[in-house]
Amino acid sequence: MAASSSSDIIVLALGVILAAVYLFRDQLFSAGKPKAVPISSSKAAAGNGNPRDFIAKMKESKKRIVIFYGSQTGTAEEYAIRLAKEAKSKFGLASLVCDPEEYDFENLDQIPEDCCVFFVMATYGEGEPTDNAVQLCQNLSDESFEFSNGEHKLSGLKYVAFGLGNKTYEHYNLISRNVDRDLAKMGAIRIGERGEGDDDKSMEEDYLEWKDGMWEAFAQAMNVEEGQGGDSPDFAVTEVAEHPPEKVYLGELSARALTRTKGIHDAKNPYPAPITVARELFQIGADRNCVHIELSTEGSGITYQHGDHVGVWPSNAEVEVDRLLCALGLYDKRDTVINIESLDPALAKVPFPVPTTYGTVLRHYIDISALAGRQILGVLSKFAPNPEAETIMKDLNTNKDHYQATVAHGCMKLGEVLQYAAANDLSAKPTPETTTAWKIPFDIIVSSIPRLQPRYYSISSSPKLHPNSIHVTAVVLKYESEPVDRVQNRWVYGVGSNFLLNLKYATNHESAPLISDDAKLEPALVEVPSYPTYAIEGPRGAYKQENILKAPIHVRRSTFRLPTNPKSPVIMIGPGTGVAPFRGFVQERVAMARRTIEKNGPEGLADWGPIRLYFGCRRSDQDFLYKDEWDSYAKELQGKFIMRNAFSREPPYKPDGGKVYVQDLIWEDQEHIADAIINGKGYIYICGDAKGMSKSVEEALCKILGEAKGGSAEVEGVAELKLLKERNRLLLDVWS
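Being a predicted model, the structure only gives us computed values, none of them experimental. (Residues numbered from 1 in each chain as written. Predicted model: local features only at pLDDT ≥ 70, side-chain atom pairs only at ≥ 80, totals over all residues. Heavy atoms only, no water.)

1. Observations regarding the overall build of the protein chain
Secondary structure summary: the protein chain contains 23 helices and 24 strands in total. Seen through its C-alpha atoms, the protein chain measures out along the principal axes to roughly 110 × 85 × 60 Å. Across the 736 residues in the protein chain, those meeting the buried criterion constitute 50%. For the protein chain, the proportion of contacts with a sequence separation of at least 24, taken over those separated by at least 6, is 76%. (Helix = DSSP H or I, 4+ residues; strand = E, 2+ residues; numbered from the N terminus. Buried < 20%, exposed > 50% of the residue type's maximum accessible area, 1.4 Å probe, protein only. Contact = heavy atoms within 4.5 Å.)

2. Re the domain arrangement of the protein chain
Taken domain by domain, the protein chain comprises domain 1 (54–222), domain 2 (245–256 + 317–438), domain 3 (271–312 + 453–556) and domain 4 (570–734). Listed per partner, the contact involves 6 residues of domain 1 and 7 residues of domain 4. With both chains or domains summed, domain 1 and domain 4 bury close to 520 Å², and 46% of this area falls on carbon and sulfur atoms. On the domain 1 side of the contact with domain 4, Glu126, Thr168 and Tyr169 bury the most area, a combined 71% of that side's loss. (Domains from an automatic or database assignment. Buried area = accessible area lost by both parts, 1.4 Å probe.)

3. Things to note about the pattern of salt bridges
A pair can form between side chains of opposite charge whenever their charged atoms are brought close. Under the defined criterion, the tally for this structure stands at 49 salt bridges. Asp104 serves as the salt-bridge partner of Arg52, at 2.9 Å between the closest nitrogen and oxygen. With a gap of 52 residues between them, Arg52 in the loop between helix H3 (41–48) and helix H4 (54–60) and Asp104 in the loop between strand S2 (95–98) and strand S3 (116–124) connect regions that are remote in the sequence. With a closest N to O distance of 4.0 Å, Arg64 and Asp114 form a salt bridge. Here Arg64, found in the loop between H4 and strand S1 (65–70), pairs with Asp114, found in the loop between S2 and S3; they are 50 residues apart in sequence, far enough to count as distant. (Salt bridge = Lys/Arg side-chain N within 4 Å of Asp/Glu carboxyl O.)

4. So, the sheet that holds strand S23 (residues 683–689)
Spatially, 5 strands are ordered S22-S21-S20-S23-S24 in an open sheet, and the strand pairing comes out parallel. The open sheet is flanked by strand S22 (641–647) and strand S24 (730–735), the only strands paired with a single partner. On average, adjacent strands in this sheet sit at an angle of 10° to one another, irrespective of strand direction. Here 6 bridges tie S23 to S24, and the two strands are oriented parallel to one another. (Pairing = 2+ DSSP bridges. Axes fitted to C-alpha atoms, helices over the stretch in contact; angles between N-to-C directions.)

5. With respect to a negative patch on the surface
Where like charges cluster on the molecular surface, the negative patch consists of Glu101, Glu102, Glu128 and Asp131. Given the relative accessible area of 44%, Glu102 is considered partly exposed. (Patch = residues over 30% accessible without salt bridge, like charges linked within 9 Å, V, L, I, M, F, W, Y side chains within 5 Å. Areas by Shrake-Rupley, 256 points an atom, 1.4 Å probe, with all protein chains shown as cover. Lys, Arg positive; Asp, Glu negative; His and termini not counted. Charge placed at Lys NZ, Arg CZ, Asp CG, Glu CD.)

6. Thoughts on the sheet that holds strand S12 (residues 337–342)
Within the open sheet, the 3 strands sit side by side as S8-S12-S13. Their pairing is antiparallel. What marks the edges here is a single partner per strand, and that holds for strand S8 (235–239) and strand S13 (356–357). Here S8 pairs with S12 via 5 bridges, running antiparallel. Residue pairing for S12: Glu239 is matched across the bridge by Ile338.

7. A few points about the UniProt feature "binding site: NADP(+)" (unreviewed entry) in the protein chain
In the numbering used here, UniProt assigns the "binding site: NADP(+)" (unreviewed entry) feature to Arg288, Thr577, Ser648, Arg649, Lys659, Val660, Tyr661, Val662 and Gln663. The annotated residues occupy 376 residues of the chain and do not converge on a single region, their most distant C-alpha atoms lying 23.9 Å apart. Within the fold, Ser648 resides in the loop between S22 and helix H20 (662–668). Ser648 gets classed as buried once you look at its relative accessible area, which sits at 7%. The contacts of Ser648, once residues within four sequence positions are left out, are Cys617, Arg618, Tyr653, Lys659, Val660 and Tyr661. Among the secondary structure elements, Tyr661 is positioned in the loop between S22 and H20. In this structure Tyr661 comes out as partly exposed when scored by relative accessible area, which is 38%. In this structure Tyr661 touches Ala646 and Ser648, once residues within four positions along its chain are discounted. (UniProt positions renumbered as here; feature names shortened; annotations may be inferred.)

8. Remarks on the packing of helix H12 (residues 374–381) against helix H15 (residues 414–421)
Look at H12 against H15: their axes get within 12 Å of each other, and the N-to-C directions meet at 50°. Between H12 and H15, the angle is such that the two are oblique. Relative to H15, H12 is oriented so that their crossing is right-handed. Residues Ile376, Leu377 and Leu380 of H12 touch H15, and the partners they reach there are Leu414, Val417 and Leu418. Grouping the constituent residues of the contact of H12 with H15 by class yields 6 nonpolar, no polar and no charged. (Parallel < 35°, antiparallel > 145°, perpendicular 65-115°, else oblique. Left-handed = near helix turned anticlockwise from the far one by under 90°. Nonpolar A, V, L, I, M, F, W, Y, C, P; charged D, E, K, R; others polar.)

9. Overview of the pairing of S22
The side chains of a regular strand alternate between the sheet's two faces. Strand direction decides the pairing type here: strand S21 (residues 611–617) and S22, joined by 7 bridges, are parallel. Among the inter-strand pairings, Cys617 is bridged to a residue of S22, identified as Phe647. This β-α-β element, S21 to helix H19 (residues 630–636) to S22, shows right-handed connectivity. (Right-handed = clockwise from strand over helix to strand, strands pointing away.)

10. Side note on the side chain of Asp234
You can see Asp234 is positioned in the loop between helix H8 (203–222) and S8. Taking relative accessible area as the criterion, Asp234 reaches 11% and is therefore assigned buried. Within the structure, Asp234 has its side chain in polar contact with the side chain of Lys85 (distance 2.9 Å). Discounting chain neighbours no more than four positions away, the residues touching Asp234 are Lys85, Glu341, Ser342, Leu343, Asp344, Leu347, Ala348 and Ser447. (Polar contact = N/O pair within 3.5 Å; in protein donor to acceptor, adjacent residues only side chain to side chain.)

11. Some words on H8
Because each turn of an α-helix spans 3.6 residues, side chains separated by three or four positions end up pointing in the same direction. The end-to-end C-alpha distance of H8 is 27 Å, a good match for the 28 Å that 20 residues give at a rise of 1.5 Å each. Listing the buried residues of H8 in full gives Met203, Glu204, Glu205, Tyr207, Leu208, Trp210, Lys211, Met214, Trp215, Phe218, Ala219 and Met222. (Expected span 1.5 Å × (residues − 1).)

12. Remarks on the packing of helix H10 (residues 318–327) against helix H11 (residues 358–365)
Packing of H10 against H11 brings their axes to within 9 Å, and their N-to-C directions diverge by 135°. On the basis of their axis angle, the class for H10 and H11 is oblique. By crossing handedness, the relation of H10 to H11 is classed as right-handed. Residues Glu318, Val321, Leu324 and Leu325 of H10 form the contact with H11, whose own contacting residues are Tyr358, Gly359, Leu362 and Arg363. For the contact of H10 with H11, the residue count by class is 5 nonpolar, 1 polar and 2 charged.

13. Let's talk about the nonpolar core
Formed by 49 residues in total, the largest nonpolar core has its most connected members in Leu362, Leu377, Leu414, Leu418, Phe442 and Ile445. Those elements giving two or more residues to this core turn out to be H10, S12, H11, H12, helix H13 (387–398), helix H14 (400–408), H15 and helix H16 (442–448). In terms of residue count, the dominant contributor to this core is H15 (5 residues). Per-domain counts for this core show at least three residues from each of domain 2 (245–256 + 317–438) and domain 3 (271–312 + 453–556). Excluding residues within four positions of it along the chain, Ile445 makes contact with Leu328, Leu362, Ile366, Leu414 and Ile440. (Core = buried A, V, L, I, M, F, W, Y, C linked by side-chain atoms within 4.5 Å.)

14. As for the environment of Leu157
Here Leu157 is to be found in the loop between helix H6 (134–141) and strand S5 (158–165). Note on Leu157: relative accessible area 7%, which makes it buried. Spatially, the C-alpha atom of Leu157 lies 7.3 Å from that of Cys116, the residues being 41 residues apart in sequence. Setting aside its immediate chain neighbours within four residues, Leu157 contacts Leu108, Ile111, Val117, Leu183, Gly187, Ala188 and Ile189.

15. Looking at the packing of aromatic side chains
This structure, assessed with the given rule, holds 29 aromatic pairs. Ring geometry for Tyr358 against Phe442: centres 4.9 Å apart, planes inclined by 85°, an arrangement best described as edge-to-face. In this pair, Tyr358 sits in helix H11 while Phe442 sits in helix H16, placing the two residues 84 residues apart along the sequence. Taking relative accessible area as the criterion, Phe442 reaches 7% and is therefore assigned buried. Their ring planes at 85° and their centres at 5.2 Å tell us that Phe585 and Tyr685 sit as a pair that is edge-to-face. (Phe/Tyr/Trp six-rings, centres within 6.5 Å; stacked < 30°, edge-to-face > 60°.)

See the structure below:
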């Protein structure tokens, strides 16, 4: 037994040795190989480049300008890129255009003396930074934040500031002003004046008026001379003779959509939501349309809360696609496959997926339906088909008054401006025979026209009642332009709302009315469809399945929410389609009431605070939205829901004969409102027009609260309203 045990031990030991030799064979038998030296994380980062270090990127690519943009919808980013392009063409200076969310700012104090920082900052919501600029703004304003110098100082830093805002909002351009203030406080030196663009009037004109003076100051401060740059294209566009058809983007908004693979649905990968209901909300006799659309999200993974927004991705009207294809001489090449490559990816990224086609770019990817900008007209003048057209384009570019009177007042899109300059008939159907072709390189079109963006609508439902359905309430934008030289007045159509109207017609197998049905229209336009048509079936028919149509959507989160405690009084003011989120709010409370009553009986709602809704429209028999629903909601909420309606074009009128609006009803109910806000610690919500209604409502609230506090609207009322906003008890979802 002892001998046997000894032999077992020897065999076991030999096995362990052989296993060790196998495991460490590389170290034992590779003496000739150099040993691997471990690299510390810091050295590895330095060797590979820290992706959040913009200073290193500037030095590596020899760029003297870095441009940070705070953008929520993409507009500030567009202006940042425009500034970079102008710096290149004027002075030959390369720029690094940066999303501030992707960088750290501890080394902002290390910007070289011969370099400059641009801040292109939009103001969002109630005077807030855009989502991607929150950290940047905090770093600049927080005096405890230290840069690499160990201090909160940026002595001698050269910077340029341009803000994007809207004067109809209370905190006009607050973020750019704050950034400017904070930089100056830290010893930075601003070049030129701070620019401020007003989206309520003309962001473009404000930018054009500001930039020339800024560039003059820039040249002096940076010791550079204009003329050192040159016109170099941003993109190279090539026609592709052969490419697998299934790999060509025909309007798909993401790679997942092209390959039809599953994934998270968001702004980068919208979901084609089936339309289950599409109906007209205005009554017969109304001279406008308002559509109610219900979008199924079942199985998509999409969730939402009351008060959120839904982004709908429209396409451009087919008539405008044809118009620009004809004006560019590409009508017969609409289906030609093209590839687009950026010649400077750091400055200009290809804004949509490729390869694609000429027609697809104009239909799905760029905003050809927007008002033609004045600056681009000068660029395009050199490609005019004749001297007369060139003269017109140059004049529209340089003569602000002529541009305003013709393009702005005439609501002209780029295709229409090209037709106008070439003396074509804008009222005729655009064809190669009726439209003069311009030899404009397609890369200029891609770099000059911004990406077609989603249109956002306040969701008009609650997930508590409709967990797999998002409801949209949209008034259809349609108005007449002013007649201008050689062009009579024309109908102008909003892209997003008319896209939805098309979907409504198609879903219900309805025919769009003819313009001849409308007595107000010019005889020259008789028998033309009064609403433009859209490629609603989508790329490769992806937005139509049998008889069901779909719309590409994604959800954008909002802070426009009811208080969690139903005991808090709620006051909602939403005339017109401003009532949309409040339909969702009321449904949210109805769902909660059902659960409460089921658990505690009818007395469960006894201590709930009142829910008051102030709605306004023209007439009760024409545009009273969801008229047949409100009474049933009131019954379920057992008197806690009170609705007050102002019908401006029907009696009763004011004693002086004036129209009654929601702000008048608010003043009538001043005692209820003051008690709900001051004693009940209630919440106020305003949704709708920012320019007129919202301001008037806030003035009425200031007067009510000021008097309730024993003072005036101008002092105590304003102070109380400011406090409500700071405490998130006065929330706005308004637009201009």
